[in-house]
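Okay, here's what each chain looks like letter by letter:
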Amino acid sequence: MKKLVTFAAAAVMCVPAFATDRQAPAAEPKIENPDSTGFKFTDVKINRTGSVKDQNKSGTCWAFSGISTLEDNVMRKGGPELDISEMFVVRNAYIDKAKKFMRMNGQINFAQGGSWGDVLDMTRLYGAMPEEAYTGLNYGEEKHSHYEMAEALEAYLRAVLSRGTKNKKLSTAWLPGFVGILDAYLGKVPETFTYNGKTYTPTQWAAEMGLEPENFINVTSYTHHPFYESFALEIPDNWAWSKSMNVPMDEMQRIVDYALDKGWTVMWAADVSEGGFKWNKGYALLPDDKDKKDMTDTELSRWVKLSDKDRESSKYDIKGPVKEKTVTQESRQKTFDNFETTDDHGMVIVGTATDQEGNKYYKVKNSWDTNQLYDGYLYVSMPFFLEKTLGVGVHKDAIPADIKKKFK
């Protein structure tokens, strides 16, 4: 994702890959009613998920949300609550990204961002580690802070590329040098590690924990590609050109609802730059423009005199449930093509809720720590989800059979 937002788990036991598929008990519903927001949210169905993490000053939301989705799937199958190292995934993605950057002569995005597909690819190719075996904090900080490292990595690659272009070849030292920077900041990766008294390699641990990255896919909904076929979504952070299955907008929502109903959590890639995304207040809405037909004469006379900036500010002055925009497949496409919907952030949809007027919301886990109104969670309205979703990551078995039959 392309902002700090730049398109989210700890006592454990070690058992063989979990063959059972019994659904773990869902969390108890609760009512959230802080007086300061004007909202009263009632949790309807909340699936088990790991603890809220903190990506801090790093553009690694894609790793936190993707890893959380894999961890939650293990719990759904009756396994333990894992705490998987996000930085092991991030490190491997940086190395593969650097190789592609050089092969593409620097003509692809090289930044902190990534995608759900990166989590699946890196876990499938290189395995996984518990957080205790690889924290990625080797540079004097207690929390992740990647700006210096990211700038150093990119500057190094561009210097190597420039010299390689002049020499018409790359030195044999460029990749070890790149890895050396990662070692300095994130730490060297141990070949093996001990977990609950047993020694593992990363691939052995991922298999035994039952992470099954091969059984997850990404789903999106855009009309510039055929439905029920897969394509690489055209966003800068999709450097690996990972493919998404394309379905109509209503079916994308139905996939999420079906997954939640069956006990899965869902990785969610979305635009959070909108005025209606109120993180500190714990909700995301897509308010409609003020309906001038319902205004009094005094209100209307004031409205027409407002500047565009003031009208926009007034639109997001939310004090409770409001009328929201009606989203269509066409409007969804338009906002993507016009850069109004941008690839900003990855989170995890963990369940459903309603407000005091009965409107439906998704309850979402973020990776921005817990110092927020709902301890790291927020409530996302259906219009916001429908228009501002780039894609969702789900288990293949979490797709309704009638939709899956249409996949080409």
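In what follows, the structure referred to is the one given above.
A quick note: this is a predicted structure, and the numbers were derived from the prediction, not measured.

### Focus on the overall build of the chain
Broken down by element type, the chain carries twelve helices and 14 strands. Of all 408 residues assigned to the chain, the portion counted as buried reaches 55%. Summed over all atoms, the accessible surface of the chain reaches about 17900 Å², with 51% contributed by carbon and sulfur.

### Some remarks on the pattern of salt bridges
If you walk through the whole model with that rule in mind, you get 20 salt bridges. Glu154 is paired through a salt bridge with Arg158; the nearest N and O atoms lie 3.1 Å apart. Taken together, the positions of Glu154 and Arg158, both in helix α4 (residues 147–167) and four residues apart, correspond to about one turn of that helix. Glu154 sits in the partly exposed class, given a relative accessible area of 27%. In this structure, the salt-bridge partner of Asp288 is Lys323, at a minimum N-O distance of 3.7 Å. Here Asp288 is found in the loop between β10 (283–284) and α8 (297–305), whereas its partner Lys323 is found in the loop between α9 (308–315) and α10 (329–337), with 35 residues between them in sequence. Because the salt bridges share partners, they merge into one network encompassing Asp271, Glu274, Lys325, Glu387 and Lys388.

### Let's talk about a negative patch on the surface
On the surface, Glu141, Glu142, Glu148 and Glu151 cluster together into a negatively charged patch. Structurally, Glu142 is set in the loop between α3 (116–126) and α4. The class of Glu142 is exposed, set by a relative accessible area of 77%.

Cut-offs used in this document
Residues numbered from 1 in each chain as written. Predicted model: local features only at pLDDT ≥ 70, side-chain atom pairs only at ≥ 80, totals over all residues. Heavy atoms only, no water. Helix = DSSP H or I, 4+ residues; strand = E, 2+ residues; numbered from the N terminus. Buried < 20%, exposed > 50% of the residue type's maximum accessible area, 1.4 Å probe, protein only. Areas by Shrake-Rupley, 256 points an atom, 1.4 Å probe, with all protein chains shown as cover. Salt bridge = Lys/Arg side-chain N within 4 Å of Asp/Glu carboxyl O. Patch = residues over 30% accessible without salt bridge, like charges linked within 9 Å, V, L, I, M, F, W, Y side chains within 5 Å. Lys, Arg positive; Asp, Glu negative; His and termini not counted. Charge placed at Lys NZ, Arg CZ, Asp CG, Glu CD.

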